[in-house]
Amino acid sequence: MISTKGRYALRVMIDLAQHNTGEYISLKDIAARQNISMKYLEIIVAGMNKSGMLLSQRGKLGGYRLARGLEDYTIGQILKCSEGSMVPVNCLEGDTNLCEYSGSCITLPMWQKLDRIMDDYLENITLADLLNGNV
């Protein structure tokens with residue numbers, strides 16, 4: 001399940017995309033438009049900024065803006081940045097399946113396929129697609 005943090009991160013990125021003039025946008029403006037608390041926004045954009053998805057500038061004309069073009073951000077990237085993992089079950093976390101039942105688990109292939117389907121879907125939708133209604 002996508003958490004509030006993931007949904008808000010997506011809303012922030014969409015807001016920045018919709019108001020993208022090349023100038024920095026203050027968190028105050030984003031918070032007002034999206035009805036998200038400044039404190040929560042600061043947490044979200046800090047992670048997005050650290051990952052290179054956003055550019056930031058301090059000062060009177062400071063704020064945040066997108067680091068790349070809209071077509072260069074996938075929804076999967078945004079959600080993974082804010083959520084960490086997007087796997088449907090814990091046994092798929094990490095590179096190695098550490099579950100003691102993985103060798104005999106009848107449901108493991110189903111979970112793996114669901115994970116691939118979700119990942120493929122979210123990695124093939126961009127911010128540009130969302131803004132253009134191409135979903």
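Cut-offs and rules
- Residues numbered from 1 in each chain as written.
- Predicted model: local features only at pLDDT ≥ 70, side-chain atom pairs only at ≥ 80, totals over all residues.
- Heavy atoms only, no water.
- Helix = DSSP H or I, 4+ residues; strand = E, 2+ residues; numbered from the N terminus.
- Buried < 20%, exposed > 50% of the residue type's maximum accessible area, 1.4 Å probe, protein only.
- 1 Å grid on protein atoms, 1.4 Å probe; cavity = no way out; pocket = protein on both sides within 12 Å on 5 of 7 lines; lining within 4 Å.
- Points joined across faces, edges and corners; volume = space filled by probe spheres on them.
- Nonpolar A, V, L, I, M, F, W, Y, C, P; charged D, E, K, R; others polar.
- Pairing = 2+ DSSP bridges.
- Expected span 1.5 Å × (residues − 1).
- Contact = heavy atoms within 4.5 Å.
- Polar contact = N/O pair within 3.5 Å; in protein donor to acceptor, adjacent residues only side chain to side chain.
- Axes fitted to C-alpha atoms, helices over the stretch in contact; angles between N-to-C directions.
- Parallel < 35°, antiparallel > 145°, perpendicular 65-115°, else oblique.
- Salt bridge = Lys/Arg side-chain N within 4 Å of Asp/Glu carboxyl O.

Draft legend 1. Focus on the environment of aspartate 72. Position of aspartate 72 relative to the elements: it lies in the loop between β2 (63-66) and α4 (75-83). When its relative accessible area of 40% is taken as the criterion, aspartate 72 is described as partly exposed. In the structure, aspartate 72 is positioned 23 residues away from aspartate 95 in sequence and 26 Å away in space, judged by C-alpha atoms.

Draft legend 2. Main features of empty space enclosed by the protein. One pass over the full model with this rule turns up 1 cavity of 30 Å³ or more. Taken as a whole, the largest cavity spans an internal volume of roughly 50 Å³. Lining the largest cavity are Gly76, Lys80, Met86, Asp115, Met118, Asp119 and Leu122. If you list the elements that add at least two residues to the lining of the largest cavity, you get α4 and α5 (108-123). In terms of residue count, the dominant contributor to the lining of the largest cavity is α5 (4 residues). Across the lining of the largest cavity, the residue classes tally to 3 nonpolar, 1 polar and 3 charged.

Draft legend 3. Structural context of the pairing of β2. As paired strands, strand β1 (residues 54-57) and β2 are joined by 4 bridges and run antiparallel to one another. Counted as the bridge partner of leucine 54 is leucine 66 from β2. Hairpin remark: β1 followed by β2, antiparallel, with 5 residues in the connecting loop; positive phi at glycine 59, about 105°.

Draft legend 4. Region of the structure containing helix α1 (residues 4-18). Across its 15 residues, α1 extends 21 Å between first and last C-alpha, which sits within 8% of the 21 Å expected from 1.5 Å per residue. Where α1 is concerned, the buried positions are Gly6, Ala9, Leu10, Val12, Met13, Asp15, Leu16 and Ala17. Considering only its buried residues, α1 is in contact with α2 (27-34), α3 (38-50), β1, β2, α4 and α6 (127-131). Residue serine 3 occupies the N-cap position of α1, its side-chain oxygen lying 3.3 Å from the main-chain nitrogen of lysine 5.

Draft legend 5. Quick look at the packing of α4 against α5. Packing of α4 against α5 leaves a shortest axis separation of 6 Å and a crossing angle of 115°. The angle between α4 and α5 falls in the class roughly perpendicular. For the pair formed by α4 and α5, the contact residues are Ile75, Gly76, Gln77, Leu79 and Lys80 on the first element and Asp119, Leu122 and Glu123 on the second. Residues that form the contact of α4 with α5 fall into these classes: 3 nonpolar, 2 polar and 3 charged.

Draft legend 6. Representation of the pattern of salt bridges within the structure. Enumeration over the complete set of coordinates arrives at 3 salt bridges. Of the charged contacts, one joins aspartate 15 and arginine 33 as a salt bridge, the two residues approaching to 2.7 Å between their closest N and O atoms. Placement of aspartate 15 in helix α1 and of arginine 33 in helix α2 is noted, with a sequence separation of 18 residues between them. What makes arginine 33 partly exposed here is its relative accessible area of 37%. Across the salt bridge formed by lysine 80 and glutamate 123, the nearest N and O atoms sit 3.0 Å from each other. Residue lysine 80 is located in helix α4, and its partner glutamate 123 is located in helix α5; the two are separated by 43 residues in the primary sequence. Taken together, the shared-partner salt bridges connect Lys80, Asp119 and Glu123 into one network.

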